[in-house]
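Chains, contacts and geometry: an overview
Here's the letter readout for the chains.
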Amino acid sequence: MRTSKRSSLIHLIYFSRAQLSAEPRERARQVNDIARHAQKKNEFSVITSILIVDQGYFIQILEGERMSVQETFQRIGGDIRHRDVHIVEWREIAKREFVTSFAYVLRTPANDALFQKANLAPMLQRGTPKASTIHALAQALQADTMAKQGIDHLFV
């Protein structure tokens, strides 16, 4: 049986330059505002995602039905908090890999080793991040967050 292209499950990886305040408290407020609005919209659209905020960049993986992800990405592209939005990967997937409608991770001293291992900064600056590198970092960050919450196995 063939599935319709309109209803296939996909994931989209993109990155953009973050247009956020340089002041840490205001930047945290802005990211929390993004999270609050995105979580509601993603729940309504049945999208799972993880947003990584690192050194002036947004890096995000969106998962969901093709039309929902496309509509969400169009909203992101029109958001003034994003500049130079670039798609890294857009492909069909068999199942979701991320568990929440909207999770976000900021680079902190506690997770810095994961960011260092990924070494995304030079790739982002050149505009050439690899989907596999972003995906591996996102999975590692999700696993790290889950482990800190006492969850040792993920059933998706």
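Quick notes on the rules
Residues numbered from 1 in each chain as written. Predicted model: local features only at pLDDT ≥ 70, side-chain atom pairs only at ≥ 80, totals over all residues. Heavy atoms only, no water. Pairing = 2+ DSSP bridges. Helix = DSSP H or I, 4+ residues; strand = E, 2+ residues; numbered from the N terminus. Axes fitted to C-alpha atoms, helices over the stretch in contact; angles between N-to-C directions. Contact = heavy atoms within 4.5 Å. Buried < 20%, exposed > 50% of the residue type's maximum accessible area, 1.4 Å probe, protein only.

**Section: the sheet that holds strand 3 (residues 57-65)**
With mixed pairing, the five strands of this open sheet are ordered in space as 4-1-3-2-5. Of all strands in the sheet, those with a lone pairing partner are strand 4 (82-92) and strand 5 (103-106), marking the two edges. Looking at each pair of strands side by side, their axes are set apart by 15° on average, direction ignored. In this fold helix 1 (residues 24-45) packs onto strand 2 (48-54), strand 3 and strand 5, with an angle of close to 160° to the strand it touches most, strand 5. The strands touched by helix 5 (residues 131-148) within the sheet are strand 1 (9-18), strand 2, strand 3, strand 4 and strand 5, with strand 2 carrying the most contacts at an inclination of about 100°.

**A closer look at the environment of His-86**
Considering the arrangement of structural elements, one finds His-86 in strand 4. Since its relative accessible area comes to 40%, His-86 is described here as partly exposed. Along the primary structure His-86 and Thr-133 are separated by 47 residues, whereas in three dimensions their C-alpha atoms are 15 Å apart. Apart from residues no more than four positions distant in its own chain, His-86 is found in contact with Ile-13, Tyr-14 and Phe-15.

**Observations concerning the pairing of strand 3**
Across the nine residues that make up strand 3, a large majority, eight, are buried. Bridge count between strand 1 and strand 3: nine bridges; the pairing is antiparallel. The residue bridging His-11 from the neighbouring strand is Glu-63, located in strand 3. Note: strand 2 against strand 3, seven bridges, orientation antiparallel. Opposite Ile-50, over in strand 3, you have Ile-61 as the bridge partner. In this structure, the hairpin formed by strand 2 and strand 3 is closed by a connection of two residues, where Gln-55 is found at a positive phi of approximately 45°.

Geometric descriptors of this kind do not, in isolation, establish any biological role.
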